[in-house]
Amino acid sequence: MSGPLDGQGGTSGTMPPVVTQSNLTPQEFRAAFRAAHLGMAVVGRDGLVRTANDALGVLLGTDPARLQDSPAAEFTGLRDDTRTWLKYREVLLGRRDRLHCTRRLRQAGGRGLWAEVTVTQLPESHDALLSVADVSDRRDLRARLRHVRMHDPVTGLPNRSLFFERLAGALAAATALPGGTGRIGLCYLDLDGFKAVNDTLGHGAGDRLLTAVAGRLTACAAPGGHLVARLGGDEFALLVEESAGTQQLIDLAVTVQTALQRPFETAGQQLSVSASIGVVERPAAGTHATELMQAADTTLYWAKADGKARWTLFDPERNAHRMTRQALSRTLRPAVERGEFALQYQPLVGLADGVVRGVEALVRWCHPQLGTLGPNRFIGLAEETGAIVPLGRWVLTTACRQARHWQLERPDGPPLVVSVNVAVRQVWDSDLVADVAAALAGTGLPPHLLQLELTESAVMGTAGRPLQQLRELSDMGVAIAIDDFGTGYSNLAYLSRLPVSALKLDGTFVHGRNPADEAIVEALVQLAHRLGLTVTAECVESAEQAERLGRMGCDTGQGWFYSRPVPADRISALLGA
Ligand code: C2E
Ligand code: MG
Ligand code: MG
């Protein structure tokens, strides 16, 4: 042996033995080298083993004498990758002090082991010291800990962390690997009514059910080798890497749903569950894990909202609609303040004489990015957010100002009523009487030239404050009309007790090709007249309809046959002012 060896680190320690000056004799060094528990060998510049100790022989399952003159890089795997190989060469040539790496080694007997391999330059020598420490136990422990960290203790399935790790890996691999499909898919599943099982039968039963569900899901995913994970609670995900297309995911969702249909037997009890599944499938390139999960979450929500126990496929259009709904809802109130709304007016025409009796004010949102939006896009949102109150106030004032303008334009013409739609929430959440009074006072419009349109559902069951408001409005001389009549309760007897003066018959009724509709309309009109109500037919689109509705006794008609909703100046022209 050339050069002194300090046999420190003789156990399975992982640090390389420190080579220092010592006053031991070469014989003592040799003895220490042989007795050490750490596998070691002295390697020459040529990379051949000059001598190996017993511990290395045991580690590799071979006689240490047989290692002599063999290339150390062979049994240590140092040749496996170029970078390590180059570093190893540098250590042997004395250009680098040390090399340290972890390798998977195969023993002569075939058993695999994980080893930490260190090669150190021996001072004052041309040789290097190779040490090999078995770190398999430590690796195993680490792997077991990782398994615990990455799996759900109840079902044994991969958990959320592992799922996201695999998803991120799959997205990266699908983009990097040529030759694959480059697509990825996901079934995101939630059990319907699982909470009820937990609440009524206890968490034990809930856990057993989840485990049984996990088993069936695993069986569904096994043929394709797909990952099944429990993302939390009663949510599971099946990840399809290298997806072949949407149909593969749909097939998988159907298989899962069929598999879950059979009742579950847990602790002598038969339990039936169903699942809602959101299905997402798309190219991996440009897809981010969070975005994919968000799409899956939205789709699962649709599956639930559409009636549960079903799969639903992600629909970009439906998603865009949802996004614009959110965006619109957020920007409604500031848009009212910025004055982004405009009114159009549609004439209400006497069916018998063709004279324009009034106009309905219909609001539009002149959206800076999306163009003109019809009320169906935002009135519901405005009601949800409460923005309907300031918006409704603006509509009311603008319509009254315009109506007053027309009145002044044609002082001798027949009176022209402006009809303004009022949402339920305006009746409940704001002082409608005060708002109307302010609009009339502010614009100078006489109350009898204003009509408010409320839907049946808004006035049905009305009692207390809202009814009081309607009475006060009626007492002021403002007309109250029931909009879209015929689509709701159509309870005329009840309506007669409310301060209502007009019915607007819904378009579906007017268009009704059903002969029975005609008889119904006729009876309705007769009854309405007996109760002192006038009747306007909505959505009159043809001369034939106008004629028929007139014959049935309707007083006025509104619809494309007469005019589309138009800006105020077009109404002025129409009135010949
Ligand atoms: P509505 O009060 O029943 O208004 C009549 C709707 O029918 C209008 O739709 C009108 O454009 C449309 N229409 C008119 N003639 C015809 C026709 O011949 N055929 C067909 N198919 N449709 C016709 P628009 O303007 O889209 O308004 C939709 C609804 O939005 C209105 O229904 C009303 O309920 C609501 N709305 C409009 N403006 C306001 C408002 O200022 N406040 C509130 N709360 N709701 C409003
Ligand atoms: Mg209306
Ligand atoms: Mg209507």
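Residues numbered from 1 in each chain as written. Chains lettered and ligands numbered in written order. Predicted model: local features only at pLDDT ≥ 70, side-chain atom pairs only at ≥ 80, totals over all residues. Heavy atoms only, no water.

Q: When you look at the pattern of salt bridges in this model, what are you seeing that I'm missing?
A: When charged atoms on two side chains of opposite charge get close, those side chains can pair. Summed over all chains, the structure comprises 26 salt bridges. One salt bridge connects R103 with D81, and the closest N-O pair in it is separated by 2.5 Å. Of this pair, R103 sits in strand β3 (residues 98–106) while D81 sits in the loop between α4 (72–76) and α5 (82–92); the two residues are 22 residues apart in sequence, bridging distant segments of the chain. With a closest N to O distance of 3.1 Å, R230 and D152 form a salt bridge. Taken as a pair, R230 in strand β7 (residues 227–232) and D152 in the loop between α6 (136–150) and α7 (160–176) lie far apart in primary sequence, 78 residues in all. (Salt bridge = Lys/Arg side-chain N within 4 Å of Asp/Glu carboxyl O. Helix = DSSP H or I, 4+ residues; strand = E, 2+ residues; numbered from the N terminus.)

Q: When you look at the coordination of the magnesium ion (ligand 3) in this model, what are you seeing that I'm missing?
A: In a perfect tetrahedron of four donors around a metal, the angles come out at 109.5 degrees. In a perfect octahedron of six, they are 90 or 180 degrees. At this site the magnesium ion (ligand 3) is bound by D483 (OD), D484 (OD), E538 (OE) and E538 (OE), with donor distances of 2.0 to 2.6 Å. In primary sequence terms, the donor set of the magnesium ion (ligand 3) follows D-D-x53-E. In this model, the magnesium ion (ligand 3) sits 3.9 Å from the magnesium ion (ligand 2), the two metals being bridged by D483. With D484 in strand β18 (residues 479–485) and E538 in the loop between β20 (534–537) and α22 (543–551), this residue pair connects regions lying 54 residues apart in the sequence. Residue D484 is classed as partly exposed on the basis of its relative accessible area, which comes to 24%. (Donors = N, O, S within 2.8 Å, 3.2 Å for Na, K, Ca; no water. Buried < 20%, exposed > 50% of the residue type's maximum accessible area, 1.4 Å probe, protein only.)

Q: Help me out: how do you make sense of the coordination of the magnesium ion (ligand 2) in this one?
A: Looking at the metal site, the magnesium ion (ligand 2) is ligated by E360 (OE), N421 (OD1), E453 (OE) and D483 (OD), spaced 2.0 to 2.3 Å from it. If you list the donors of the magnesium ion (ligand 2) from N- to C-terminus, the spacing comes out as E-x60-N-x31-E-x29-D.

Q: Help me understand the sheet that holds strand β1 (residues 39–43) in this model?
A: Read from one edge to the other, the open sheet built from five strands follows the order β2-β1-β5-β4-β3, with strand pairing classed as antiparallel. Sheet topology places β2 (49–52) and β3 at the edges, where each strand pairs with a single neighbour. Here the average twist between neighbouring strands, direction ignored, is 25 degrees. Note: β1 against β2, three bridges, orientation antiparallel. Across the sheet, the residue bridging to A41 is A52, located in β2. Lying on the sheet, α6 is in contact with β3, β4 (112–121) and β5 (128–134); it crosses β4 at an angle near 125 degrees. (Pairing = 2+ DSSP bridges. Axes fitted to C-alpha atoms, helices over the stretch in contact; angles between N-to-C directions. Contact = heavy atoms within 4.5 Å.)

Q: What should I look at first to understand the sheet that holds strand β8 (residues 235–241) in this one?
A: Sheet strands pair by backbone hydrogen bonding; their relative direction is either parallel or antiparallel. In spatial order, the strands read β7-β8-β6-β11-β12; together these five strands make up an open sheet with mixed pairing. Across the chains shown, the open sheet's two edge strands, defined by having one partner strand only, are β7 and β12 (311–313). Ignoring which end each strand starts from, the neighbouring axes of this sheet average 20 degrees apart. Where strand β11 (residues 274–283) meets β12, three bridges bridge the pair, whose relative direction is parallel.

Q: Could you clarify how one ought to interpret the site of ligand 1 in this entry?
A: Within the structure, ligand 1 sits among 21 residues, and Q346, E360, D483, E541 and W560 are positioned closest to it. Side-chain polar atom of Q346 to a nitrogen atom of ligand 1: 2.9 Å apart, as the coordinates give it. The contact in question runs from an oxygen atom of ligand 1 to an N or O atom on the side chain of E538, over 2.9 Å. Taking 790 Å² as the accessible area of ligand 1 by itself, protein coverage stands at 81%. Counting atoms within 2 Å of the grid points, the majority share of ligand 1 lands in the largest pocket. Of all elements in the fold, only β14 (356–367), α13 (375–385) and β18 reach the threshold of two or more residues within the shell around ligand 1. No other element matches β14, which puts four residues into the shell around ligand 1. Residues of the shell around ligand 1, tallied by class, amount to 10 nonpolar, four polar and seven charged. (Near = heavy atom within 4 Å. Polar contact = N/O pair within 3.5 Å; in protein donor to acceptor, adjacent residues only side chain to side chain. Areas by Shrake-Rupley, 256 points an atom, 1.4 Å probe, with all protein chains shown as cover. 1 Å grid on protein atoms, 1.4 Å probe; cavity = no way out; pocket = protein on both sides within 12 Å on 5 of 7 lines; lining within 4 Å. Sits in = over half its atoms within 2 Å of the grid points. Nonpolar A, V, L, I, M, F, W, Y, C, P; charged D, E, K, R; others polar.)

Q: Hey, could you run me through the packing of aromatic side chains in this one?
A: Each aromatic ring pair is summarised here by two numbers: the centre-to-centre distance and the angle between the ring planes. Per the stated rule, a full pass over the model turns up eight aromatic pairs. Taken together, a centroid distance of 5.0 Å and an interplanar angle of 85 degrees make the contact between Y345 and W406 edge-to-face. Placement of the pair is Y345 in strand β13 (residues 341–350) and W406 in helix α14 (residues 388–409), with a sequence separation of 61 residues. Using a relative accessible area of 2% as the deciding quantity, one classes Y345 as buried. What makes W406 buried here is its relative accessible area of 0%. Here the aromatic residues F341, W365 and F378 are joined through ring pairs into a cluster of three or more. (Phe/Tyr/Trp six-rings, centres within 6.5 Å; stacked < 30°, edge-to-face > 60°.)

Q: For this particular structure, what's the right way to read a nonpolar patch on the surface?
A: Together, V254, W311 and L313 make up an exposed nonpolar region whose accessible area comes to about 210 Å². Within the secondary structure layout, W311 lies in strand β12. (Patch = residues over 30% accessible without salt bridge, like charges linked within 9 Å, V, L, I, M, F, W, Y side chains within 5 Å.)

Q: Sorry if this is basic, but what is going on with the nonpolar core here?
A: A general tendency of soluble globular proteins is for nonpolar side chains to be buried together. Counting 79 residues, the largest nonpolar core has F341, Y345, V418, V436, L450, L452 and L454 as its most contacted members. At nine residues, the largest contribution of residues to this core is made by α14. Excluding residues that lie within four positions of it along the chain, V418 makes contacts with Y345, V359, A361, A399, A403, L445, L449, L450 and Q451. Within the second largest apolar cluster, 29 residues are counted, among which are L189, A221, F236 and L252. (Core = buried A, V, L, I, M, F, W, Y, C linked by side-chain atoms within 4.5 Å.)

Q: Quick question: what am I supposed to make of the domain arrangement of the protein here?
A: By a frequent convention, interface size equals the accessible area lost on bringing the separate parts together. Parsing the protein into structural domains produces domain 1 (4–139), domain 2 (151–314) and domain 3 (331–575). Relative placement of domain 2 and domain 3: their C-alpha centres are 50 Å apart. (Domains from an automatic or database assignment.)

Q: What exactly am I supposed to notice about the layout of surface pockets here?
A: It is the rolling of a water-molecule-sized probe over the atoms that shows where space remains empty. Within this model, the largest pocket holds a volume of roughly 910 Å³. Breaking the lining of the largest pocket down by element, the ones donating at least two residues are β14, α13, α14, β16 (417–421), α15 (424–429), β17 (450–455) and β18. Considering only residue class, the lining of the largest pocket consists of 16 nonpolar, 11 polar and nine charged. Residue lining of the second largest pocket: 17 residues in total, with R357, V417, Q451, T534 and T556 positioned closest to the centre. For the lining of the second largest pocket, the elements supplying multiple residues, two or more each, are β14, β16, β17 and β20. When residues in the lining of the second largest pocket are grouped by element, the largest group, three residues, is from β14. Counted by class, the lining of the second largest pocket contains seven nonpolar, eight polar and two charged residues. (Points joined across faces, edges and corners; volume = space filled by probe spheres on them.)

Q: Looking at this structure, how should I read the environment of V436?
A: Tracing the sequence through the fold places V436 in helix α16 (residues 432–443). With relative accessibility at 0%, the residue V436 sits in the buried group. In this structure, the C-alpha to C-alpha distance between V436 and M476, residues 40 residues apart in sequence, is 9.6 Å. Setting aside anything within four residues of it in sequence, one finds V436 in contact with L396, L450, L452, L473, M476 and V478.

Q: In this structure, what is going on with the state of the cysteines? I would like to understand it.
A: Cysteine pairs can be covalently joined through their sulfur atoms, and such a bond is termed a disulfide. Following the criterion strictly, the structure yields zero disulfides and no others. You can see C220 has no disulfide; the closest cysteine sulfur is in C187, sitting 9.9 Å from it. The buried category is assigned to C220, whose relative accessible area is 12%. (Disulfide = S-S within 2.5 Å.)

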